[in-house]
Every structure is written in C-alpha cells, then in structure tokens.
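Descriptive analysis of the structure
Take a look at the letters that make up each chain.
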Amino acid sequence: MWDDAFPSFLIGLREGLEAGLIVSILVATLVRADAKSRLPQVWTGVLAAIALALSFGAVLTFTAANLSATAQEAFGGVLSVIAVAFVTAMVFWMRRSARTFSGEIKEKVTGALGMGAGVLMLTSFLAVGREGLETALFLWTTARAAGESAGPLTGAAIGLVLAAALCWGLYRRVLRINLTKFFTATGVVLIVIAAGVLGYGLRDLQEGGVLPGLTSYAFDLSGSVDAGSWYSTLIQGVFNLMPTMTWLQVVGYAAYLAVVMPLFVRGVKTKSPEPAPTPAELSEPAPSQRRRPVWVVPVAVVAVPAVVAGLVVAISRPKPASSQTVAVSETECGKGFTAPDTGRQTFQMHNTGDKTAEVYLIDPATNAVYGEVEGLAPGTTRDLVATVAGGSYAWRCVPTGAKAVTSATVHVSGGGGAVKAVVPVSEKDLAAPLKTYKAYVDQGLATLVTQTRQLSDDIAGNHLAKARTDWLTAHRTYSSLGAAYGTFEDFDQKINGRADGLAGGVQNKDFAGFHRIEYGLWHGQSAAELKAPAQQLAAAVVGLRKAFPTQDFDPGDLPLRAHEILENALQFELTGDTDEGSGTNLATVDSNLAGTRELLTVLKPLLTKESPKLLPGVDADIARLQKLLDSAHRGGSWTPVERLDGTAKAQLDGATGQLLEDLAPVPDLLEIRKSA
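The rules behind the values
Residues numbered from 1 in each chain as written. Predicted model: local features only at pLDDT ≥ 70, side-chain atom pairs only at ≥ 80, totals over all residues. Heavy atoms only, no water. Helix = DSSP H or I, 4+ residues; strand = E, 2+ residues; numbered from the N terminus. Buried < 20%, exposed > 50% of the residue type's maximum accessible area, 1.4 Å probe, protein only. Contact = heavy atoms within 4.5 Å. Areas by Shrake-Rupley, 256 points an atom, 1.4 Å probe, with all protein chains shown as cover. Expected span 1.5 Å × (residues − 1). Core = buried A, V, L, I, M, F, W, Y, C linked by side-chain atoms within 4.5 Å. Disulfide = S-S within 2.5 Å. Phe/Tyr/Trp six-rings, centres within 6.5 Å; stacked < 30°, edge-to-face > 60°. Lys NZ or Arg CZ within 6 Å of the ring centre and 35° of its normal. Polar contact = N/O pair within 3.5 Å; in protein donor to acceptor, adjacent residues only side chain to side chain. Pairing = 2+ DSSP bridges. Salt bridge = Lys/Arg side-chain N within 4 Å of Asp/Glu carboxyl O. Axes fitted to C-alpha atoms, helices over the stretch in contact; angles between N-to-C directions. Parallel < 35°, antiparallel > 145°, perpendicular 65-115°, else oblique. Left-handed = near helix turned anticlockwise from the far one by under 90°. Nonpolar A, V, L, I, M, F, W, Y, C, P; charged D, E, K, R; others polar.

Scanning the chain for helices and strands turns up 20 helices and twelve strands. The buried share of the chain, taken over its 676 residues, is 49%. Once local pairs closer than 6 in sequence are excluded, the contacts in the chain between residues at least 24 apart make up 77%. Of the roughly 30,800 Å² of accessible surface on the chain, a fraction of 59% belongs to carbon and sulfur atoms.

Written out as structure tokens, the structure is:
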C-alpha cells in the first residue's frame, strides 16, 4: 500500500501546501488590513473550492463505473494524459511563481477588498479551486492504477495533513521554508512520476482499442523479475514501471522525460532562487472579534457542486431498468415480453413451470445470446440484465430434461449502439475438437501402457535407480492428459490417487498408483515392497486404455479443463502438497502446461472466432510460465518446490495466476447452450 501512497502523498503535500499558502496569505492580508469581518467570505470561497474538487472526483468515479470495461480503459487513459498535462503545467508554474507568490496573492486580495463580498469569495474560490481540481484528477488516475489498494487515498490524506501543519507553522512564525527550493525538488520527482502515469495512460488507451500496439512488447522481464517483491512493488507503485511494457509505453515515457526534465532543470539554473514569503508576511496580529458567517451561503456553495455532480452522474447512468416480468416454462416461454426500450434493461424472469430451467435472451436469426439465467427453480424469480439495441429479440427457455422452447420474436426500433453478444457453441461445434483431443489422449495412454510396464519391470528386477527415472517419465505422460481426468472415472484414483483423506495416510492399503510408488522409491522401500503397487499401476493403465474409447467424454468438459488443469496445479503442485519425496512437482506443472497447450490448440478455431484477442495474451502468459519452469530444470533434475527461493516461488505463482485469469473466460465463451 505504501508504495502506491508515495505519488499521492507528494501531490497532496505540494498541492496542499500551495493551496494552504494561498489561504494563509489571504487571511494574513485581510487581518493586516483590519478587515477581519471579511474572513467568512474567504472561508466560504475555500469551502466552495473543496466541494467542487470532491464533486469532480465523484463524477470521475461514478461515470467511469457505468462504462464498459473497454470504455473504462479508454476513459482512464485519456484522463491520465490530461492529468500529466496538468501536473507538468503545475510544476513549471510553481517553479516560476514561487518567488513572487505572496505579492501576487496580496495584490488580488487588495483589489477584491474594494469590490464587495462576491469578488473576494470568487478570488479565494479560484485561487484554491485550481489546486483542488488538479489534485482530484491526479488522485483519480493514481488510485485507478493502484486497483484495490487504499494507498493513494492514504498518501494524499497524509500529504494534505502535513501541508496544513506546515502552513500553520509558517503562519505562527514557528517555521521557515525556502519554498522555491522545495517546489523545485518536488517538481523533479513529480516529473518522473508523471512520466510513469503517462506510460500507464498509454497502456490504458491501447487496452481500450484507441491506440495500437497492445501486444508489441519492448521488453518482458516477468520471467526474471519477481512482480511481488518489495523492490518491484515499489517501482511499480511509485513510477508505474512494469516488468512488461509495450513499445508505445516506453517511447512515451522516455520522450516525456527527455523533453520535460531538461526544460525544467534549465529553468531552475537560469533563475536564482529567492526566499519565499517570510513568516512575518503570514503573521496575524492580536485576534479581534469575528462575525459568525451566515449559514445560507456556505451551505449553498457546498450543495450546488454536489447537486450538479449528482445530475451528471444520473444523466450518465444507464436508463432505468425495465419492469417487465417474463414467464419461463415449456408452455409460457416469453409470456409478458414486449418490445423494450433501447439501453440497459433488467427483466424479471419468473419460472411458471414445474422444472428447473435455463433461459436466454437471443437474436432468433443468429442465436446470439445477450443475457442468460441458469438454474431458475420452479416458482422463483431472478433478474436478467441485458443491453438492448435496435434489432430482433426472443426468449429461449430450456427446462431440465425437456425440449428447448423459443418465444415469439419482438422487434426493437432505434439505434442504441453496438451490443456485444455471445454466439452460442453447440455440441456439433465441439465435436471436431473433441475427436482430435480424444485421439491425443488415446495415443498418450498407449505410450503410458508401455512406460508403466517398463516401470514395473524395473522394480521387479530391483533396478530402483532406473525406476526413479522411468517413474518420472510415466508420471509426466499421465499429467499431460489433464483434460480427460473427469472422464477416467475410478481409474484416476487407482493411477494417481493421493494419500490425503485416507486413514493412516501413506500407510493406508488403498493408497495406490504413481504417488504410492513415488513414496516408496524415495523413502528407501525395497523392490519387494514396491512390486505389487507397480503391477497394480500397470494393470490399471491397461484397463483405462481399454475402457477409454467407451467412456462418456462430455464435450463441455473441454473448455472447462482449459482453466481447471492449471488451477489444480496451482492448488496442489505449486504448494508441494502432492510431493511424496521425488521433488518433481514442477515437472508435473510442466506437463500440465503441455496438456493445457494441447487443449488450447484443438479449441483455437472456436476461441479465435469467439474472442480474437484472447489467445495472443494467453500465448504470452504460457511462454512466460514455460520460461520460469525451464529455469528450474537443469539436466535431469528439477528444483523441489520447497527449495525455491521466495522470488522464484512468487514468480511462478504470479505467472500461473495471470495465466489462469486470462483463461477464465474460456468456459463461458465455449459453453454449450441448447437450441430449439
């Protein structure tokens, strides 16, 4: 959190100090002019500026939340670039103006004193409001870059509090700061931070489809840099430098620094610094009685920005949800459905039948799905949210164990923009990939039969050293067939069962298969003790090979396993839970990765059709994880998971987690949906 906090701390300190000095000079000038009665006007203007900044932040937050994921990226990228422009202008302005800061503010206040309450209020509002808007925009962009971290807001709060304390010290003559030097030093740091924000903003624009080059990487250090280490987190949080950056990010980052930093430094060298306002300029004579401000104006200046912000958010929000209640059943599918308005709509789906059902909002011409509800029990009602544009719509109800029913079609007029729909995948679509994958598994099982027989022969001949090598070879073959685990039925427990959950653990008589033999080979058991388990393993593999062609392999399992194979690897292999002494868990993960790669190969035509941008990112993730696994494999040996240093372990976990995140949409994209 603290690495995310530093940029916001610095901006909060700088902007807070700048705004605080303005307020201090305003107050001191009025007091010295014996115009304390005008102080409420200053505080009212300051209050209005704060309310405007907070309202601006709320507008940014809530309007972005109503956008699609792609639009959010583009929106955030644009605002990041704007924030960089503001921060750059701010550091140059403060470097130039720090020496004459006090005089300029005093001149404005003196002019306002003779022009009525409104002008003085406006002077303080404008003087503080600019800093407030800059702060709100910069904090929004840094908070967005930090994701769920509370660091940016915490850092900003600390910076503002410290700035207030410094201003109080200057005002009370207990502190003296050369503000010219302060703003110069912090300006250099902020320019570097702004370069990082620019790079982050350019990446957002790439992810939002505004700029090209999303997959054109200038470098990829994820295989050699631990993204979770303290130093990596610090660099990412403070400077927005990532282990993987595109060429556009790198060029933008370098070009900004190459242009802005020399201009800033040259300006510092050509102007001799002069001291900032002395404490005496900010001092206050003995206090006199102050008039209490009228409550109406302060309340109004806070309420007006809040109301305006609320209206902006309300206008930007999707249209109110539809109140239509739509029936779901074999006989009443779509009853109550009329042509809805365009925009985001919520339909109340009520199951009027006696069977649990699935229901889809579809385009009847293409069967494209705009929204769905699964497992809708009889008599229950659930919301289905979908975005509607001009076109044709119908409901498809699929009661459990019954034929799918499609409702009458309704036509929606008007535009409403492009609406993304998922083109459904049928069993027929998955038939060819399933056939190809089953051939791959069958070939793998044939190889496994030979390998487990060899392992059994090794043990029978008391060649235990060779048995250890052949055990790993056979186990890796089995581990590469991960998508078929759910199809292997009871054979999987006999071939690759774990001791977890068995009474007595590894000593239980039902502990069998690869892990049973692994335990014996690496815990000094004799060939006589391992002979029976090895024969049982070989027999189980032969039985599986014979049974596999007749086993029920659900085509819907293919897209599910694309995610689950490595999910299990992360849960069991990368934690070392399945290591019974060989220390080869990473070899198993390597084989799991090979199995996942094979599965994605057979699914590639469908995935490319459903989501063209998914596979390039997944391929990059796989290459990153493969590189990390290769670094743990030297000769014929693998580094045991428990012997990995903290950095290597974090890199493996992070790379696997990122790959799983990118694979997560596959089951939904290729989910089989029953059609009429």
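With 21 residues, helix α15 (residues 527-547) ought to run about 30 Å at 1.5 Å a step, and its terminal C-alpha atoms sit 30 Å apart, in line with that. For α15, the set of buried residues is Ala527, Leu530, Pro533, Ala534, Leu537, Ala538, Ala540, Val541, Leu544 and Ala547. If you follow the buried residues of α15, they end up packed against α11 (427-460), α12 (464-479), α13 (491-496) and α14 (514-521).

Further remarks concern the nonpolar core. In this structure, Ile459, Ile495 and Leu586 are the most contacted members of the largest nonpolar core, which totals 68 residues. Per-element accounting of this core gives the leading share, ten residues, to helix α17 (residues 585-610). Every residue in contact with Leu586, bar those within four places of it in the chain, is listed here: Leu574, Leu629, Ala632, Trp638, Thr639, Val641, Leu644 and Leu652. Membership of the second largest hydrophobic core comes to 22 residues, among which are Ile11, Ile193, Tyr253 and Tyr256.

Moving on: the state of the cysteines. Summed over all chains, the structure comprises one disulfide. Here Cys333 is linked by a disulfide to Cys397, with a sulfur-sulfur distance of 2.0 Å. One disulfide, between Cys333 and Cys397, carries an S-S torsion of 85° and so falls in the right-handed class. In this pair, Cys333 is assigned in the loop between β3 (325-328) and β4 (343-351) and Cys397 in strand β8 (residues 391-399), connecting sequence segments 64 residues apart. Cys333 sits in the buried class, given a relative accessible area of 11%.

Before going further, it helps to spend a moment on the packing of aromatic side chains. Aromatic rings considered in pairs are described by the distance between their centres and by the relative angle of their planes. What the rule picks out here adds up to eleven aromatic pairs. Relative to Phe264, the ring of Phe92 lies with its centre 5.6 Å away and its plane at 90°, an arrangement referred to as edge-to-face. With Phe92 in helix α3 (residues 69-97) and Phe264 in helix α9 (residues 247-270), this residue pair connects regions lying 172 residues apart in the sequence. Each member of the pair, Phe92 as well as Phe264, carries the same accessibility label: buried. With a centroid separation of 5.3 Å and 45° between ring planes, the pair formed by Tyr437 and Tyr440 is classed as tilted. A residue pair is termed a helical-turn pair when its members lie 3 or 4 positions apart in one helix, as Tyr437 and Tyr440 do in helix α11 at three residues. Residue Tyr437 is classed as buried on the basis of its relative accessible area, which comes to 0%. Of the aromatic side chains, those joined through ring pairs into one cluster are Tyr437, Tyr440, Phe548 and Phe553. Lying across the ring of Phe491, Lys494 places its NZ or CZ 5.5 Å from the centre. Seen from the ring of Phe572, Arg498 lies directly overhead, with NZ or CZ sitting 4.1 Å from the centre.

Looking now at the side chain of Ser582. Relative to the helices and strands, Ser582 resides in the loop between α16 (557-573) and α17. Looking at Ser582, its side chain comes within polar contact range of the side chain of Glu518, at 2.5 Å. Side chain to side chain, Ser582 and Thr584 meet in a polar contact 2.7 Å long. Among residues more than four places away in sequence, those in contact with Ser582 are Trp471, Glu518 and Trp522.

Our focus in this paragraph is the pairing of strand β6 (residues 369-376). In this structure, strand β5 (residues 357-362) lies alongside β6, joined through five bridges in antiparallel fashion. For Ile362, the partnering residue across the bridge sits in β6 and is Val369. Once β5 ends, the chain turns through six residues before running back antiparallel as β6, passing Asn367 with a positive phi of about 70°.

Okay, the pattern of salt bridges next. Tallied over the full model, the rule gives twelve salt bridges. We note a salt bridge from Asp470 to Lys466, for which the minimum N-O separation is 2.7 Å. Here Lys466 and Asp470 lie together in helix α12, a separation of four residues that amounts to about one turn. Of the charged contacts, one joins Arg498 and Asp500 as a salt bridge, the two residues approaching to 3.8 Å between their closest N and O atoms. On the accessibility criterion, Arg498 (32% relative accessible area) is partly exposed.

In this section: the packing of α16 against helix α19 (residues 646-663). Axis separation between α16 and α19 bottoms out at 9 Å; the angle between their running directions is 155°. Between α16 and α19, the angle is such that the two are roughly antiparallel. When the axes of α16 and α19 are compared, the crossing they make is left-handed. Contacts between α16 and α19 involve Ala562, His563, Leu566, Glu567 and Leu570 from the former and Asp653, Thr656, Leu659, Leu660 and Leu663 from the latter. By residue class, the composition of the contact of α16 with α19 is six nonpolar, two polar and two charged.

Attention now goes to the environment of Ala156. By secondary structure assignment, the location of Ala156 is in helix α6 (residues 151-171). For Ala156, a relative accessible area of 3% puts it in the buried group. In this structure, the C-alpha to C-alpha distance between Ala156 and Ile11, residues 145 residues apart in sequence, is 7.0 Å.

Turning our attention to the sheet that holds β3. Within the open sheet, the three strands sit side by side as β3-β4-β7. Their pairing is mixed. In this open sheet, the two strands that pair with only one neighbour each are β3 and β7 (381-388). Shown here is a sheet whose adjacent strand axes are inclined to one another by a mean of 35°, direction ignored.

Attention now goes to the side chain of Gln525. Here Gln525 is to be found in the loop between α14 and α15. When its relative accessible area of 16% is taken as the criterion, Gln525 is described as buried.

Time to look at helix α18 (residues 614-631). End to end, α18 covers 26 Å across 18 residues, agreeing with the expected 26 Å (1.5 Å per residue, within 8%). Among the residues of α18, those classed as buried are Leu614, Leu615, Val618, Asp621, Ile622, Arg624, Leu625, Gln626, Leu628 and Leu629.

On to the packing of α14 against α15, then. Packing of α14 against α15 leaves a shortest axis separation of 9 Å and a crossing angle of 155°. Judged by the inter-axis angle, α14 sits roughly antiparallel to α15. Our pair here, α14 against α15, has a crossing hand that is left-handed. Note on element contacts: α15 touches α14 through Glu529, Leu530, Pro533, Ala534 and Leu537, opposite Phe514, Arg516, Ile517, Gly520 and Leu521.

In short, geometric facts, not functional conclusions.
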